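Read off the chains here:
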Amino acid sequence: MTRVGVNGYGTIGKRVADAVAAQPDMELVGVTKASPDYGVEAAARRGYDLYTAVDDRTDEFAAAGVDLAGTLGDLLDAVDVIVDCAPSGVGERNAPVYEAHDTPAIFQGGEDAAVAEASFNARGRYEAARDADSVRVVSCNTTALSRLLAPLDEAYGVEKARVTLVRRGGDPSETDRGPINDIVPDPATVPSHHGPDVNEILPDLAVDTAALKAPVTGMHTHSVNVTLETEPDESGVRDLLGDEDRIFLVPEGAGIDGAGALKEYAADAGRPRSDLWENCVWAESISVTGRDLYLFQNVHQEADVVPENVDAIRAMTTDVDAAASMARTNETLGVGLRSRLGNDELGRAELAADD
Ligand SMILES: NC(=O)C1=CN([C@@H]2O[C@H](COP(=O)(O)OP(=O)(O)OC[C@H]3O[C@@H](n4cnc5c(N)ncnc54)[C@H](OP(=O)(O)O)[C@@H]3O)[C@@H](O)[C@H]2O)C=CC1
Ligand SMILES: O=C(OP(=O)(O)O)[C@H](O)COP(=O)(O)O
């Protein structure tokens, strides 16, 4: 049983905590908060022990009537691995604290790659985390690109990938983010950080990325063009991507026309927080011209890195291999969304059996 702590209980931390708690081979020892706001209630409702991320704020929690199990240092001494889910840049400041407690750590994609010994994606780079003392799960966008490009490279060879990322302006809870009335090149320089970050996972893959930010909160959207080394056909690409558990082929003719409908689909499927852990590739966008493949995919930024964090914990702390870890994570969380529309007869009994 791997004992796990989560440092930072925000957008990513609360989801990672729930995913860890669902694993039969992991124990969630506790989570931290920096301030006693509404997030502490979510942790309490789930029965998670709460620690303060910042030692000298203990009195603030007491004044708000919040019981603490201890400080970050206490949590670090009680776990086999800590998952840092602090705001971007704060993880780097936390790294020396983890080292001082001799606690292996997993960081998130808001940190520079240099924060950890290895960058991680279960599909592309699981073994790199084996026995590492620190690992960085790459960002939501980089995770999605790695999941997409790895199977394409294996099946056809990637000569060159070119991706335009329309990034969401902020998460739904982030009232202070933007833009609110523009689509902004961000960064305005090319390549954006995503291409070099993909190369942390797939080092030999030629990929250029350009990014913008848009006034939406639900999901990122990627416009993808990949020149392949061998000529594919559209149905072959559909089958290839459809066989990946962490890719959801958005069915043609289902009336799912954007992120709003995708999130509704996830809610109807009973997903916690309407989370879409899978890349969402629009099936009808898959188009081939010679060796050029085109498609659109949507990425739920709050969710896609969550199964990757679970696999990173296993890679660092156990002998379980990539395929077995991914299968266990997928099964326990329910990753592997599939639509039967346009495929088989839509049987109520069959759908109910999935629940
Ligand atoms: N949001 C996203 O879409 C994605 C984010 N990431 C990355 O994940 C990481 C976390 O992002 P996100 O969850 O969005 O951030 P949030 O701002 O939602 O949550 C951060 C959490 O960290 C806590 N915190 C604040 N200061 C500290 C500290 N000094 N030590 C420990 N914890 C602290 C906050 O506490 P409190 O609430 O009490 O202030 C909050 O609970 C970043 O690296 C980000 O780039 C990766 C993929 C997608
Ligand atoms: O890591 C992320 O995005 P990124 O892949 O564009 O760097 C997350 O969506 C957080 O991005 P943010 O820095 O816009 O909050």
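Given the structure is predicted, the values throughout are model-derived calculations rather than measurements. (Residues numbered from 1 in each chain as written. Chains lettered and ligands numbered in written order. Predicted model: local features only at pLDDT ≥ 70, side-chain atom pairs only at ≥ 80, totals over all residues. Heavy atoms only, no water.)

## Brief notes about the UniProt feature "binding site: D-glyceraldehyde 3-phosphate" (unreviewed entry) in the protein
Thinking step 1. Look at the UniProt record and you will see "binding site: D-glyceraldehyde 3-phosphate" (unreviewed entry) annotated at S139, C140, N141, H194 and G195. These residues run over 57 residues, yet every pair of their C-alpha atoms falls within 12.9 Å of each other.
Thinking step 2. As for its placement among the helices and strands, N141 is situated in helix α6 (residues 140-156).
Thinking step 3. Residue class for H194 comes out buried when judged on its relative accessible area of 1%.
Thinking step 4. Leave out the neighbours within four places in its chain, and H194 touches N141, T142, L145, L165, R167, T209 and A211. (UniProt positions renumbered as here; feature names shortened; annotations may be inferred. Helix = DSSP H or I, 4+ residues; strand = E, 2+ residues; numbered from the N terminus. Buried < 20%, exposed > 50% of the residue type's maximum accessible area, 1.4 Å probe, protein only. Contact = heavy atoms within 4.5 Å.)

## Here's the deal with the sheet that holds strand β1 (residues 2-7)
Thinking step 1. Strand order in the open sheet formed by eight strands is β4-β3-β2-β1-β5-β6-β8-β7, with parallel pairing between adjacent strands. In this open sheet, the two edge strands, each paired with only one partner strand, are β4 (70-71) and β7 (118-120).
Thinking step 2. Each of β1, β2 (26-33), β5 (81-84), β6 (105-107), β7 and β8 (134-137) touches helix α10 (residues 305-317); the most contacted strand, β8, lies at about 160 degrees to it. (Pairing = 2+ DSSP bridges. Axes fitted to C-alpha atoms, helices over the stretch in contact; angles between N-to-C directions.)

## Looking at the UniProt feature "domain: Glyceraldehyde 3-phosphate dehydrogenase NAD(P) binding" (unreviewed entry) in the protein
Thinking step 1. Mapped onto the present numbering, the UniProt feature "domain: Glyceraldehyde 3-phosphate dehydrogenase NAD(P) binding" (unreviewed entry) falls at residues 2-140.
Thinking step 2. End-to-end, the C-alpha atoms of residues 2-140 are 25 Å apart, and along that stretch the chain is 31% helix and 24% strand.

## Observations concerning the site of ligand 1
Thinking step 1. Taken together, 22 residues form the shell around ligand 1, and within it I12, K33, A34, S35 and D171 come nearest.
Thinking step 2. Between G10 and ligand 1, the recorded distance is 3.2 Å, taken from a backbone N or O atom to an oxygen atom.
Thinking step 3. Between a nitrogen atom of ligand 1 and a side-chain N or O atom of D171, the distance comes to 2.6 Å.
Thinking step 4. Protein chains shield 81% of the accessible area of ligand 1, which is 900 Å² for the free molecule.
Thinking step 5. Secondary structure elements with two or more residues in the shell around ligand 1: α1 (11-21) and α5 (90-100).
Thinking step 6. Taken together, the residues that form the shell around ligand 1 break down as nine nonpolar, ten polar and three charged.
Thinking step 7. Counting only domains with at least three residues in the shell around ligand 1, you end up with domain 1 (2-138 + 305-333) and domain 2 (141-304). (Near = heavy atom within 4 Å. Polar contact = N/O pair within 3.5 Å; in protein donor to acceptor, adjacent residues only side chain to side chain. Areas by Shrake-Rupley, 256 points an atom, 1.4 Å probe, with all protein chains shown as cover. Nonpolar A, V, L, I, M, F, W, Y, C, P; charged D, E, K, R; others polar. Domains from an automatic or database assignment.)

## As for the site of ligand 2
Thinking step 1. Surrounding ligand 2, one finds S139, C140, N141, R167, R168, R177, H193, H194, K213, H220 and Q301.
Thinking step 2. The contact in question runs from an oxygen atom of ligand 2 to an N or O atom on the side chain of R167, over 2.8 Å.
Thinking step 3. The side chain of H220 places a nitrogen or oxygen atom 3.3 Å from an oxygen atom of ligand 2.
Thinking step 4. In isolation ligand 2 exposes 390 Å². Once the protein is present, 76% of that is buried.
Thinking step 5. Those elements that provide at least two residues to the shell around ligand 2 are α6 and β9 (158-168).
Thinking step 6. For the shell around ligand 2, the per-class residue count stands at one nonpolar, six polar and four charged.

## What about the packing of α1 against α10?
Thinking step 1. Two elements in contact, α1 and α10, have axes separated by 9 Å at closest approach and are oriented at 55 degrees. Looking at the two axes, α1 sits oblique to α10. Helix-helix and strand crossings are classified by hand; for α1 and α10 the assignment is right-handed. Contacts between α1 and α10 pair I12, R15, V16, A19 and V20 from the former with V305, V306, N309, V310 and I313 from the latter.
Thinking step 2. Of the residues contributing to the contact of α1 with α10, the split by class is eight nonpolar, one polar and one charged. (Parallel < 35°, antiparallel > 145°, perpendicular 65-115°, else oblique. Left-handed = near helix turned anticlockwise from the far one by under 90°.)

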